[in-house]
Amino acid sequence: MNFHSRAIIHLNNLHHNYQKISSFVGRNTKIIPVIKADAYGHGITRIAKELSIYENIAYLGIAHIKEGVMLRKKGIKKPILAMSCVDSFDMETILKADITPVVHSLELLERIKDYAKTNGIKIDIHLKFDTGMARLGIREEEVESALSICRKNKGNINVIGLMSHFSDSESDLDWTKRQLERFKKVIKLFGDGGIEPEFTHIANTGAILSLKDSHLNCVRPGLGLYGYLPEEKFKNTIDLKPVLEIQSQLINIHMLRKGEGISYGRTFKAKRDMRVGVVAFGYADGLFRALSNRLKCIINDRMVSSIGTICMDMFMCDLTGIQANVSDDVIILGKSENNSITAYELAEQANTIPYEILTNIGKSIRVKRVYRSQ
Ligand SMILES: Cc1ncc(COP(=O)(O)O)c(C=O)c1O
């Protein structure tokens, strides 16, 4: 079957980025590559398989248990850490799939401890602390209670990791340092209480690049792996390459006469006669409608402006003066010889962040995923 649109995943760039991040953090720091949300839109199974070759991986980082179960079904053997959506009702599934749960509240800790006791088993966990993100994590005033539960139940609860999460690592270094200090206090308290887990981790891509002290003995890069930095200011700190490229095709070319409107709501009116191209990619393929009349694409190495409202399955563009035929390729994200479009640019135009662009663009079944190693 002919797919009009392709998401091309450049695996050589994934490996390049992984190796760059690895050497940036150094040999003594383990890595938890964050591959949740379908590996930020790059395909969780393939990305997990590719990264599984690396010895310095502590875990593959996922959010939902379902993601981990699927990885196990696909034969992924690396340790898996479920970082957020853990529930004690899922314990059987978690244990069967050999997933390590992150315990994000005192209540969940109690429930998992009870489960372990009832079943006469010992469960490995990472404990998560809230140091300022105020989303998940044992809060400052609860740390002593958490420690006490872990100490009293060493036969049933094995704390192998302590973690937290930064809220502003890309933009507020002072606040990030305060969060780190709070986390270090927790680590010390646990150490003083006789619990010194193998892994301590808090750093995401922004913190990896901006605060070396936050690396501890393990880091959790997400966005960086896929070739993007959370802020342009990090540009000179590390050389990363975008992994994802999105291409579609011209499926129709026609004339628009001066004064005529185009697409839903006719938000664009031709000021002159125009040659219009129709591209087989729309908001159902993850192209934000907010990009209507702003989006640019690349056709035959020329930058082309989209015109009119982006539709569910298509958008239109101005081909006046451009050499182009039906079936020609259209680059929506990626580069040609002389031009490029990045997730930063799409994010800026759509008033969002590169994370949201990557996790949405090209995820429909109508977009063929193509993995390339060259
Ligand atoms: C708990 C956790 N750790 C690490 C990351 C990776 O962050 P980044 O993509 O900014 O590197 C995320 C991403 O949202 C996360 O939720």
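Take the overall build of the protein chain next. When its secondary structure is counted, the protein chain shows 11 helices and 19 strands. Each principal axis of the C-alpha distribution contributes one length, and for the protein chain these read about 80 × 45 × 40 Å. In the protein chain, buried positions account for 43% of the 374 residues.

Within helix H4 (residues 65-73) the residues assigned to the buried category are Ile 65, Glu 67, Gly 68 and Leu 71. Projection of H4 onto a plane perpendicular to its axis shows the buried side chains occupying an angular sector of 160°, all on one side. Next to the buried residues of H4 lie helix H2 (36-41), helix H3 (44-51), strand S3 (60-64), strand S4 (80-85), helix H5 (91-96) and strand S5 (99-103). Gly 75, located one to two residues past H4, shows a positive phi value of around 90°.

Close contact between helix H1 (residues 11-25) and H3 brings their axes to 11 Å; oriented N to C, the two are set at 55°. Relative to H3, H1 is oriented oblique. Where H1 crosses over H3, the two elements pack in a sense that is right-handed. Note on element contacts: H3 touches H1 through Ile 47, Glu 50 and Leu 51, opposite Leu 11, Leu 14, His 15 and Tyr 18. For the contact of H1 with H3, a count of residues per class yields five nonpolar, one polar and one charged.

Turning to the environment of Val 186, a few remarks are in order. Here Val 186 lies in helix H8 (residues 173-192). With residues near it in sequence (within four places) discarded, Val 186 still touches Phe 129, Val 143 and Leu 162.

Let us look at the domain arrangement of the protein chain. When the parts come together, some accessible area is lost, and that loss is often what is quoted as the size of the interface. As assigned here, the protein chain comprises domain 1 (11-229) and domain 2 (244-372). Taken together, the contact between domain 1 and domain 2 spans 10 residues of the former and 13 residues of the latter. Take the side of domain 1 that touches domain 2: its biggest share by element is three residues, from H2. Here the residues of the side of domain 1 that touches domain 2 sort into six nonpolar, three polar and one charged.

Moving on, we come to the sheet that holds strand S6 (residues 123-128). Overall, parallel pairing links the eight strands, which are arranged S2-S9-S8-S7-S6-S5-S4-S3 in an open sheet. This sheet does not close on itself; its edge strands, each paired only once, are strand S2 (30-31) and S3. Looking at chain direction, S3 and S4 are connected through four bridges and run parallel. Considered in S4, the bridge of Leu 60 is made with Ile 80.

A separate point is the environment of Ile 99. Examined against the element boundaries, Ile 99 turns out to sit in strand S5. Residue class for Ile 99 comes out buried when judged on the 24 C-beta atoms lying within 10 Å of it. Once the C-alpha coordinates of Ile 99 and Phe 89 are considered, the two residues, 10 residues apart in sequence, prove to be 14 Å apart. With residues up to four places along the chain from it excluded, the contact list for Ile 99 reads Ile 65, Gly 68, Ile 80, Ala 82 and Ile 94.

Let's shift gears to the nonpolar core. Generally speaking, soluble globular proteins have nonpolar side chains that are buried together. Counting residues in hydrophobic clusters, the biggest one holds 100 residues, and the most contacted among them are Ala 82, Leu 287, Cys 297, Phe 315 and Ile 332. Here Ala 82 is in contact with Ile 62, Ile 65, Gly 68, Ile 99, Thr 100, Pro 101 and Val 102, once residues within four sequence places are set aside.

Turning to helix H7 (residues 143-152), a few remarks are in order. Taken as a whole, H7 has its buried residues at Val 143, Ala 146, Leu 147 and Cys 150. All buried residues of H7 fall inside an arc of 100° around its axis, so they share one side. Turned more than 90 degrees off the buried face of H7, the exposed positions are Glu 144, Ser 148 and Lys 152. Looking at the packing, one finds that the buried side of H7 touches helix H6 (106-118), S6, strand S7 (157-163) and H8.

Packing of H6 against H7 leaves a shortest axis separation of 10 Å and a crossing angle of 10°. It follows that H6 is roughly parallel to H7 by the angle criterion. Within the contact between the two elements, H6 uses Leu 106, Leu 109, Glu 110 and Lys 113 and H7 uses Ser 145, Ala 146 and Ile 149. Taken together, the residues of the contact of H6 with H7 break down into four nonpolar, one polar and two charged.

Counting buried positions along S5 gives five out of five residues, so the element sits mostly inside the fold. Residues Ile 99, Pro 101 and Val 103 of S5 are buried on one face, and the alternating residues Thr 100 and Val 102, pointing to the opposite face, are buried as well. Note that S4 and S5 share three bridges and pair parallel. Paired with Ile 80 across the strands is Ile 99, a residue of S5. Considered for its hand, the β-α-β crossover made up of S4, H5 and S5 is right-handed.

All right, on to unusual backbone geometry then. At Ala 37, a position not held by glycine, the phi torsion is positive, near 50°. For Ala 37, the position within the fold is in helix H2. Residue classification places Ala 37 among the partly exposed residues on the basis of 19 C-beta atoms within 10 Å. You will see that Asp 38, though not glycine, has its phi angle at about 55°, which is positive.

What counts as what
Residues numbered from 1 in each chain as written. Predicted model: local features only at pLDDT ≥ 70, side-chain atom pairs only at ≥ 80, totals over all residues. Helix = DSSP H or I, 4+ residues; strand = E, 2+ residues; numbered from the N terminus. Buried ≥ 20, exposed ≤ 12 C-beta atoms within 10 Å, placed from the backbone. Arc of directions from axis to C-beta. Contact = placed C-beta atoms within 7 Å. Axes fitted to C-alpha atoms, helices over the stretch in contact; angles between N-to-C directions. Parallel < 35°, antiparallel > 145°, perpendicular 65-115°, else oblique. Left-handed = near helix turned anticlockwise from the far one by under 90°. Nonpolar A, V, L, I, M, F, W, Y, C, P; charged D, E, K, R; others polar. Domains from an automatic or database assignment. Pairing = 2+ DSSP bridges. Core = buried A, V, L, I, M, F, W, Y, C linked by C-beta atoms within 7 Å. Right-handed = clockwise from strand over helix to strand, strands pointing away.

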